[in-house]
Structures are given as structure tokens and as C-alpha cells.
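Structure assessment
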Amino acid sequence: MNDITTAFHEYFEIIIADTPALLKKVFNLRYRILCVDNKYPDIDASSYPDELESDEYDSSSLHLLLRHKPSNTFVGTTRLILSNPLDINQKFPVELHTQFYPAYTNMNVQRRSAVEISRFVILRNFFRRKDDFHFVVGKISKHSDESGRRRFPHPMLGLAIGIIQICAKYDIYHLFSAMDPALNRLFGFYGMQFEPIGPLVNYHGQRRPYYVCLIDVLERMYTNYRDIWELVTDNGRVWPANLEDFKSICRCRQGVPYTDTSIVTC
């Protein structure tokens with residue numbers, strides 16, 4: 001087991017929020033981050049007197065929580081919005097609230113194997129506890145150095161690990177998101193960057209639409225970030241090292257004829 005894997009299991013745990021009690025934890029954490037901390041400037045805390053931030057997409061989403069083990073505290077959450085099996089033409093929020101570049105307006109992506117990542121948030125106070133946490137971006141350090149930096153690079157990576165592992169469980173290969181470009185740059189430190197497929201728009205702040213084929217991410221990680229690939233895939237047990245059999249699932253080429261399960265955005 002490599003150092004970063006050991007550190008992750010020492011500090012963090014990924015939990016699928018699949019009970020009413022855990023979903024309440026998700027919605028309260030989102031309220032604290034998005035409303036109280038004003039992470040989303042267009043979301044008003046007064047609209048949620050129960051201190052639970054939720055919307056119409058939560059019932060059709062998979063929800064994750066990131067628990068910090070030493071403090072037994074939930075410090076992050078995200079959701080994967082699933083396609084609607086009863087309405088193959090129903091669009092994801094990213095299609096409704098952003099614009100795609102012309103080259104991406106006819107993408108042959110099967111909706112049943114696609115999700116939109118949203119509400120990807122980390123508790124701000126988590127970073128303020130300097131005595132306990134000091135994370136380094138873009139570098140995997142040892143257990144700690146003279147500055148007290150931890151071995152695990154960033155708690156954001158913990159949520160990303162949860163996303164990739166749950167995608168394996170549910171045969172999900174295509175990931176969309178309306179994301180702050182700064183978050184995508186952070187993903188890039190670990191080989192997880194998405195491809196921008198549209199211009200910046202004002203949607204919960206300045207965001208742009210992104211897409212990535214998960215197989216491309218895993219291949220990039222296997223080649224350039226082997227320690228993180230070993231953690232994400234549990235040494236190839238979650239996702240195999242040889243992904244040739246999966247590549248045909250992730251073909252997304254401009255000009256491919258439209259099918260009724262494709263993502264097509266005007």
C-alpha cells in the first residue's frame with residue numbers, strides 16, 4: 001500500500017448517503033457551505049428555514065459524503081445527477097443553464113452511462129484548523145514535513161475518489177459539470193481535469209461547462225499519477241489497468257449521427 005493510500009484511509013472515509021439521516025447530513029452541509037458561507041451568491045439562506053439546502057434534482061442523484069476520521073466530522077459532499085430512465089430526452093442542468101461550443105452540440109454520449117457532477121463542496125472551516133490540517137496542492141508529500149504538511153494532498157481529492165469509485169459500481173463513463181475553472185485546475189494536479197466545452201456563464205457564479213470520459217482520466221492517472229491511480233482503483237480491483245474493452249463505450253466524436261439517447265444541446 002503506497003503512502004498516499006495509507007494517508008487517505010487514515011484521515012478520510014467516503015460514505016454513500018443512501019438513508020434519510022445521511023441525506024439530511026448532506027443537505028445541512030450544503031446549507032452551511034452554499035448559503036451561510038455564501039459559496040453560491042445566488043442562493044439565499046432565508047429560503048431554507050430548516051437549514052437543509054436541496055432542489056428538484058436530489059431525488060434523482062447519488063450523494064456522497066466525505067468524513068474526516070480523526071474529528072468524526074463530515075467535511076465535504078457532492079452528488080451525481082443521473083439520467084431519467086423514463087424520459088431519455090430530459091436534459092441535465094448543465095445543458096439548461098450553460099452553452100456548449102458548436103463542436104460539442106452533437107455529442108454521441110449515451111445518457112444511461114452519463115451523469116452531471118454538482119454541489120461539489122468542502123467545508124471552509126476545515127481549512128482553518130491549522131493545528132490539525134495543512135494540505136499541499138500539486139505535490140504528494142510524506143507523512144509531514146517541517147511545515148506540518150500532510151501526506152494526503154487535498155480533501156477535494158477524497159470526494160473525487162468517491163465519484164470515480166461509484167461510477168465503477170453503476171457503469172458510468174461520461175461526466176459533465178458546470179464548474180468553477182479554479183476547481184478544474186485543481187483536478188488537473190491529479191490528472192483528473194475535465195475538458196471545457198463551452199464559455200463562461202453566470203450560473204451560481206462564474207462557471208463553464210466541462211466534460212470528460214472517465215476512461216481517459218484513468219489512463220492519464222495510470223501513466224502519470226500511479227500512486228493516485230492505485231488509491232482510486234484499489235490497485236486495479238475497482239477499475240482494471242487494461243481498459244481496452246471499455247474504450248468503445250467512451251467514444252465521443254463530432255459528427256456522429258444523433259440517436260435518441262445521445263446528449264444533443266443547441
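The sections below set out a description of the structure shown in this document. Keep in mind that what you see is a predicted model, and the values were worked out from it rather than measured.

Thoughts on the overall build of the chain
- Scanning the chain from N- to C-terminus turns up nine helices and 10 strands.
- Evaluated residue by residue, the chain yields a buried proportion of 50% over its 266 residues.
- Contacts in the chain between residues at least 24 apart in sequence constitute 71% of all its contacts with a sequence separation of at least 6.
- Just so you have it, the chain exposes about 12800 Å², and 49% of that area is on carbon and sulfur atoms.

Some details on the pairing of strand E3 (residues 73–82)
- Of all 10 residues making up E3, eight are buried, and the element is well covered by its neighbours.
- Pairing between strand E2 (residues 61–68) and E3: eight bridges, direction antiparallel. Each bridged residue has a counterpart across the sheet, and for Leu62 the counterpart in E3 is Leu80.
- Where E2 hands over to E3, the hairpin turn is made up of four residues, of which Asn72 adopts a positive phi near 50°.
- Sheet topology note: the E3/strand E5 (residues 114–122) ladder contains six bridges and is antiparallel. Counterpart to Ile81 in the pairing with E5 is Glu116.

With respect to the pattern of salt bridges
- Per the stated rule, a full pass over the model turns up nine salt bridges.
- Put simply, Arg67 and Glu13 hold a salt bridge, and the shortest N to O gap is 2.8 Å. Of the two residues, Arg67 is situated in strand E2 and Glu13 in strand E1 (residues 12–16); the sequence distance between them amounts to 54 residues.
- Assessed through its relative accessible area of 17%, Arg67 is described here as buried.
- In the salt-bridge network here, residues are joined through shared partners; they are Arg30, Glu53, Asp55, Asp58, Arg79 and Arg119.

Details of the packing of aromatic side chains
- Applying the stated criterion across every chain, the model contains seven aromatic pairs.
- Ring-pair connections join several aromatic residues into one group, and the members of that group are Phe100, Phe176 and Tyr211.
- Residue placement shows Arg226 over the ring face of Tyr222; its charged tip is 3.8 Å from the ring centre.

Describing helix H7 (residues 214–224)
- By the burial criterion, the buried members of H7 are Leu214, Ile215, Val217, Leu218 and Met221. Buried residues in H7, looked at end-on, bunch into an arc of 160°, giving them a common side. Residues of H7 that are exposed and angled more than 90 degrees away from the buried face: Thr223 and Asn224.

Overview of unusual backbone geometry
- Residue Arg119 is not a glycine yet carries a positive backbone phi of 50°.
- Here Arg119 lies in strand E5.
- Its relative accessible area of 6% is what places Arg119 among the buried residues.
- Not every positive phi belongs to a glycine, and His204 is a case in point at roughly 55°.
- In this fold, His204 is placed in the loop between strand E8 (201–202) and strand E9 (206–213).

Looking at the packing of H7 against helix H8 (residues 226–233)
- Where H7 meets H8, the closest approach of the two axes is 6 Å, and the angle between their N-to-C directions is 130°. Classified by the interaxial angle, the pair formed by H7 and H8 is oblique. Counting all contacts with H7, which are made through Leu218, Met221, Tyr222 and Asn224, the residues of H8 involved are Arg226, Ile228, Trp229, Val232 and Thr233.

So, the environment of Ile166
- One can find Ile166 in helix H5 (residues 155–169).
- With a relative accessible area of 4%, Ile166 lands in the buried category.
- In this structure the C-alpha to C-alpha distance between Ile166 and Ile16, which are 150 residues apart in sequence, comes to 8.7 Å.

Structural notes on the environment of Ile164
- The residue Ile164 is located in helix H5 in this model.
- On the basis of relative accessibility, which here comes to 4%, the residue Ile164 falls in the buried class.
- Non-local contacts of Ile164, meaning those with residues more than four positions away in its chain, are made with Met192, Leu214, Leu218, Met221, Val232 and Trp239.

How each quantity is defined
Residues numbered from 1 in each chain as written. Predicted model: local features only at pLDDT ≥ 70, side-chain atom pairs only at ≥ 80, totals over all residues. Heavy atoms only, no water. Helix = DSSP H or I, 4+ residues; strand = E, 2+ residues; numbered from the N terminus. Buried < 20%, exposed > 50% of the residue type's maximum accessible area, 1.4 Å probe, protein only. Contact = heavy atoms within 4.5 Å. Areas by Shrake-Rupley, 256 points an atom, 1.4 Å probe, with all protein chains shown as cover. Pairing = 2+ DSSP bridges. Salt bridge = Lys/Arg side-chain N within 4 Å of Asp/Glu carboxyl O. Phe/Tyr/Trp six-rings, centres within 6.5 Å; stacked < 30°, edge-to-face > 60°. Lys NZ or Arg CZ within 6 Å of the ring centre and 35° of its normal. Arc of directions from axis to C-beta. Axes fitted to C-alpha atoms, helices over the stretch in contact; angles between N-to-C directions. Parallel < 35°, antiparallel > 145°, perpendicular 65-115°, else oblique.

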